[in-house]
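As a plain string of letters, each chain reads:
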Amino acid sequence: METNIFKNKQFKKKYPIELVPFNKEWITWYEEEKNQLLYVLRDISIKVYHIGSTAIPNIYSKNIIDIIIETNDNNSFDNIISILSKEWELRWKEDNRAFLVKGYGPNGFLTKVFHLHIRKKGDIDEVKFKEILLKNPEVARTYEKLKLKLEIKYKYDRESYTNGKTELINKIKKDYGLHK
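The rules we used
- Residues numbered from 1 in each chain as written.
- Predicted model: local features only at pLDDT ≥ 70, side-chain atom pairs only at ≥ 80, totals over all residues.
- Heavy atoms only, no water.
- Helix = DSSP H or I, 4+ residues; strand = E, 2+ residues; numbered from the N terminus.
- Contact = heavy atoms within 4.5 Å.
- Buried < 20%, exposed > 50% of the residue type's maximum accessible area, 1.4 Å probe, protein only.
- Pairing = 2+ DSSP bridges.
- Core = buried A, V, L, I, M, F, W, Y, C linked by side-chain atoms within 4.5 Å.
- Axes fitted to C-alpha atoms, helices over the stretch in contact; angles between N-to-C directions.
- Parallel < 35°, antiparallel > 145°, perpendicular 65-115°, else oblique.
- Nonpolar A, V, L, I, M, F, W, Y, C, P; charged D, E, K, R; others polar.
- Phe/Tyr/Trp six-rings, centres within 6.5 Å; stacked < 30°, edge-to-face > 60°.
- Polar contact = N/O pair within 3.5 Å; in protein donor to acceptor, adjacent residues only side chain to side chain.

Per an unreviewed UniProt entry, the chain carries the name GrpB family protein and comes from Gemella sanguinis.

Here it is, written out as structure tokens:
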């Protein structure tokens, strides 16, 4: 049995990379999920952010809402995962990061799909990257064009699709002063 589900051939066929035009409902889906997260984690100090291409109007995106929870109290990290694991599926946890999903049905994606990234305070470059794309539509279009090319090449290979974006993301982050 494979430990990395993203390398599983059946998983790749069931959950392909499919980019779609911007959907105004994504903002509502995010807000609803944000409110639910804030409710179930009401006793923990957190910030919740909409990240990824669904947060960028007018560019193609996977129909998956990406969310980051930033813990204000780093001691709450494991508690957050424990609480959310009742409704979310934990995909991985390492060091100060965790990744959970919701909306993966037995035969493919459900209507609403979410990826949830849990991070300790300050580890939120994706939020800063989103802000760059929002403020610079030409940069967002360049990013979109690359994603559309990668979708064709890696439709059934999520890891390669993601890795294919890394060089451009790092260049953009460097150009805008976010590179570590």
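A. Quick peek at the side chain of Glu33. Residue placement: Glu33 occurs in helix H2 (residues 25-40). Here Glu33 is in contact with Ile67, Glu87, Trp88, Lys102 and Phe114, once residues within four sequence places are set aside.

B. Examining the pairing of strand S2 (residues 46-51) more closely. Of all 6 residues making up S2, 5 are buried, and the element is well covered by its neighbours. For S2 and strand S4 (residues 65-71), the ladder comprises 6 bridges, and the chain directions are antiparallel. Note that in S4 the partner of Val48 across the bridge is Ile69.

C. Main features of the nonpolar core. Counting 21 residues, the largest nonpolar core has Leu37, Ile67, Ile69, Ile80, Leu84, Leu116 and Ile118 as its most contacted members. Sorting the residues of this core by element identifies H2, S2, S4, helix H3 (77-84), strand S6 (97-105) and strand S7 (108-120) as the ones contributing at least two each. In contact with Leu116, not counting residues within four places along its chain, are Leu37, Ile67, Ile69, Leu84, Trp88, Ala98, Phe99 and Leu100. Counting residues in hydrophobic clusters, the runner-up holds 11 residues, among them Ile59, Leu133, Val139 and Ala140.

D. Just the sheet that holds S2, in detail. Spatial strand order, S2-S4-S7-S6-S5: 5 strands in an open sheet with mixed pairing. The open sheet has two free edges, formed respectively by S2 and strand S5 (89-94), since each of these has just one partner strand. Shown here is a sheet whose adjacent strand axes are inclined to one another by a mean of 20°, direction ignored. The strands touched by H3 are S2, S4, S5, S6 and S7; relative to S7, the strand with the most contacts, the crossing angle is about 165°.

E. Spotlight on the packing of helix H4 (residues 125-135) against helix H6 (residues 158-175). In contact at an axis separation of 11 Å, H4 and H6 are set at 80° when each is read in the N-to-C sense. Taken together, the axis directions place H4 and H6 in an arrangement best described as roughly perpendicular. Counting all contacts with H4, which are made through Asp125, Phe129 and Ile132, the residues of H6 involved are Ile169, Ile172 and Lys173. Tallied by class, the residues present in the contact of H4 with H6 amount to 4 nonpolar, no polar and 2 charged.

F. Fine view of the environment of Lys149. With respect to the helices and strands, Lys149 occurs in helix H5 (residues 137-153). When the C-alpha positions of Lys149 and Gly164 are compared, they lie 9.7 Å apart, and in sequence the two are 15 residues distant.

G. Just the pairing of S4, in detail. For S4, a buried count of 7 out of 7 residues is recorded, marking the element as mostly surrounded by other parts of the structure. Here S4 shows two buried faces, one formed by Ile65, Ile67, Ile69 and Thr71 and the other by Asp66, Ile68 and Glu70. Direction of pairing for S4 relative to S7: parallel, over a ladder of 7 bridges. Looking across to S7, one finds that Glu70 is bridged to Arg119.

H. Expanded view of the packing of aromatic side chains. Considering all chains together, one arrives at 7 aromatic pairs under this definition. A centroid spacing of 6.0 Å and a plane angle of 25° characterise the contact between Trp92 and Phe99, whose relative ring orientation is stacked. Taking 5.4 Å as the distance between ring centres and 80° as the angle between the ring planes, the aromatic pair formed by Phe129 and Tyr143 counts as edge-to-face. Residue Phe129 is found in helix H4, and its partner Tyr143 is found in helix H5; the two are separated by 14 residues along the sequence. Take Tyr143: its relative accessible area is 6%, and that puts it in the buried class.

I. Just the environment of Ser61, in detail. Topologically, Ser61 is positioned in strand S3 (residues 61-62). For Ser61, a relative accessible area of 3% puts it in the buried group. Each C-alpha atom, one on Ser61 and one on Asn23, is 9.0 Å from the other, the two residues being 38 residues apart in sequence. If we skip the residues at most four places from it in the chain, Ser61 touches Glu18, Leu19, Val20, Trp26, Ser53, Thr54 and Lys147. Separated by 3.4 Å, the side chain of Ser61 and the backbone nitrogen of Thr54 make a polar contact.

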